[in-house]
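Coordinate analysis (summary)
So you can see what is in the structure, the chains are spelled out below.
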Amino acid sequence: MRADYRPIRIGLLGAGSVGSQVFKLIQNDSEELAHRVGAKLEISGVLVRSLDADRDYDIPKSFLTTDAESVILGSDIVVELIGGIQPALDYIRTALESGSDVVTANKTLLANHGPEIFELAERVGAQVYYEASVAGAIPIIRPLRESLAGDKVTRIMGIVNGTTNFILDQMESTGASFEDSLQKAQQLGYAEADPTADVGGFDAAAKAAILSSLAFHTEVHIDDVYTEGIEKITQLDIESAKEADYTVKLLAVCERVGKDSIAARVHPTLIPVSHPLASVRGAFNAVFVESEASGELMFYGAGAGGIETASAVLGDVVMASKRHLGGGSGLNESSHAKLEIMPIDDIVTRYQISLEVKDQSGVLAVIASMFADLDISVETLEQSTIDSDSDNVMLTIITHETSERSLQKLIEKLNSQDQVVDIRGQIRVEGV
Ligand SMILES: NC(=O)c1ccc[n+]([C@@H]2O[C@H](COP(=O)([O-])OP(=O)(O)OC[C@H]3O[C@@H](n4cnc5c(N)ncnc54)[C@H](OP(=O)(O)O)[C@@H]3O)[C@@H](O)[C@H]2O)c1
């Protein structure tokens, strides 16, 4: 450590689950961090909403303030851990304009306002670090931004929301319903009292927007991400998947389509049990990356949690601190490729469709002709009984690749067919 370097002032905005753990790590490991960085890290202030709130780690009152400006303008590096859009956006703007580098874990903000934040950072010669914004403790932003900077990423499939992975895993391993599994997730602290952002797929969509922007050098807004949650997943979906050697996961899929287009989507997905993502259980996260030269890579670990996420934040703080001492331009976000973002209707994938149909002769031929009319070929078809009293049977069909547009036409046709009693499920299939 150089004795002539003055301490680097770190301003913490937010001291909740993540912020209080970042504070703890910086205080407890200060000597080790000073050696790694080359100068001491000193917390200049901690912005909170309420000075008296209970915290996971007891931060001395002398650090706490409700005066945002004093923390931002009195720091060399600003760490935003408030969450949400405002006032986080204004605080980051002020920090960048005053010459500070920024570290943030805020996926909502980046998925909605990433381009303007990165454009401002580039204009003022600052850097924005955001490793913790996707998949918590798992290093995925830096690998995409730096390690794979010379490669061409073709596809990313991620389990990037621990709450939904826990719920689906619970449904599969215990046979519980969606509602009971959600309740269990809430009891264990994996799901919020209002679980909409997680079970509706919106949290994963924000992460898909960030990953796509980075991997494909194209601005992708959260509204560009087709989003479906897991609320409609039933035991029937899980059981039919199991019988066909698949498992159901909520996946964020970010992919190149042809030469000039990309697509980003979040939805429940069937993946073969042999796929590496199928072994991701409980509340864990994993990101599976395919690129032209490196082939297949998988990043796995804790996708949330105060201390786990603080690890990723601190990695960014160390990088920002080294840049503060040594200078250098760092890597700015690039959106030079400007690839077209395809609408969901144009996406081509496979589907599993579960149909309750009348148990009558000729039904299979009618259904088969509907698939044939739309040029949708069937890979597997399983027939099973519903229960001994029922006059109906279940057909579980897995298709070969077809477009979303054709699939929706097929669903319309099936709905208007008398022998089809109910369409009990339709789930996309990936990773085959
Ligand atoms: N928790 C995780 O596992 C996790 C994982 C990955 C990423 N993240 C991201 O990390 C960020 C922080 O998450 P968190 O779970 O630590 O949040 P949190 O527990 O809700 O903490 C938020 C903190 O920000 C402060 N705050 C909120 N609004 C404020 C305002 N208007 N002015 C001043 N202070 C304000 C709160 O003050 P008080 O303490 O006074 O209420 C609190 O200290 C979010 O962007 C989140 O998406 C979290």
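Residues numbered from 1 in each chain as written. Predicted model: local features only at pLDDT ≥ 70, side-chain atom pairs only at ≥ 80, totals over all residues.

Some details on the overall build of the chain
In terms of helices and strands, the chain carries 14 helices and 18 strands. Relative to the compact-globule value of 22 Å for 432 residues, the chain shows a C-alpha radius of gyration of 24 Å, a close match. When burial is assessed residue by residue, the chain has 45% of its 432 residues classed as buried. Residue pairs at least 24 apart in sequence account for 75% of intrachain contacts in the chain once pairs closer than 6 positions are excluded. (Helix = DSSP H or I, 4+ residues; strand = E, 2+ residues; numbered from the N terminus. Rg over C-alpha atoms; globule rule 2.2 N^0.38 Å. Buried ≥ 20, exposed ≤ 12 C-beta atoms within 10 Å, placed from the backbone. Contact = placed C-beta atoms within 7 Å.)

Focus on the environment of L168
Checked against the element boundaries, L168 lands in helix α7 (residues 162–174). Classification of L168 by C-beta neighbours within 10 Å gives buried; the count is 23. C-alpha separation for the pair L168 and E228, spaced 60 residues apart in sequence, amounts to 14 Å. In contact with L168, not counting residues within four places along its chain, are I230, I233, V248, K249 and L250.

A short note on the packing of helix α5 (residues 107–124) against helix α10 (residues 202–216)
The N-to-C vectors of α5 and α10 enclose an angle of 55°; their axes lie 8 Å apart at closest approach. Comparing their axes, α10 and α5 come out oblique. Once α5 is placed against α10, the crossing between them reads as left-handed. When α5 is examined against α10, the residues K107, T108, L110, A111 and G114 are found in contact with a partner set consisting of A206, K207, A209, I210 and S213. Grouping the constituent residues of the contact of α5 with α10 by class yields 5 nonpolar, 3 polar and 2 charged. (Axes fitted to C-alpha atoms, helices over the stretch in contact; angles between N-to-C directions. Parallel < 35°, antiparallel > 145°, perpendicular 65-115°, else oblique. Left-handed = near helix turned anticlockwise from the far one by under 90°. Nonpolar A, V, L, I, M, F, W, Y, C, P; charged D, E, K, R; others polar.)

As for the nonpolar core
One finds L12, V22, V79, A208, A209 and V313 to be the most contacted residues of the largest nonpolar core, which totals 129 residues. When residues in this core are grouped by element, the largest group, 10 residues, is from α10. Sequence-distant contacts of A209, that is, excluding residues within four places in its chain, are made with A111, V220, H221, I222, D224, V225 and A264. (Core = buried A, V, L, I, M, F, W, Y, C linked by C-beta atoms within 7 Å.)

Regarding the sheet that holds strand β4 (residues 77–80)
A sheet is described by the order of its strands in space; here 6 strands give the open sequence β3-β2-β1-β4-β5-β6, paired in parallel fashion. At either end of the open sheet lies a strand with only one pairing partner, and these are β3 (64–65) and β6 (128–129). The pairing of strand β2 (residues 41–47) with β3 spans 2 bridges and is classified as parallel. If you follow L47 over to β3, its bridge partner there is T65. Relative to the sheet, helix α12 (residues 306–326) contacts β1 (8–13), β2, β4, β5 (101–104) and β6, its axis offset from that of β5 by approximately 175°. (Pairing = 2+ DSSP bridges.)

Here's the deal with the site of the ligand
The full set close to the ligand counts 24 residues, and G14, G16, G83, A105 and A304 are the nearest of them. For the shell around the ligand, the secondary-structure elements that each account for two or more residues are α1 (17–28) and α12. Of the residues in the shell around the ligand, the class split is 11 nonpolar, 11 polar and 2 charged. (Near = placed C-beta within 6 Å.)

What about the packing of helix α4 (residues 88–97) against α5?
Packing of α4 against α5 leaves a shortest axis separation of 10 Å and a crossing angle of 15°. By the angle between their directions, the pair α4 and α5 is classed as roughly parallel. Remark: the crossing between α4 and α5 carries right-handed chirality. Residue-level contacts link A88, L89, I92, R93, L96 and E97 of α4 to L109, H113, I117, L120, A121 and V124 of α5. For the contact of α4 with α5, the class distribution of residues is 9 nonpolar, 1 polar and 2 charged.

Regarding the environment of I10
Along the chain, I10 falls in strand β1. Sequence spacing of I10 and V102 is 92 residues, and the spatial spacing of their C-alpha atoms is 9.9 Å. Those residues in contact with I10 that sit more than four places away from it in its chain are I26, L41, E42, I43, S44, S75, I77, V79 and V317.

Examining the domain arrangement of the chain
When the domains of the chain are assigned, the result is domain 1 (8–137 + 306–326), domain 2 (141–302) and domain 3 (345–429). Between the C-alpha centres of domain 1 and domain 2 the distance comes to 27 Å. Taken together, the contacts link 15 residues of domain 1 with 17 residues of domain 2. In terms of residue count, α5 provides more of the side of domain 1 that touches domain 2 than any other element does, 7 residues in total. The class makeup of the residues in the side of domain 1 that touches domain 2 is 7 nonpolar, 5 polar and 3 charged. (Domains from an automatic or database assignment.)

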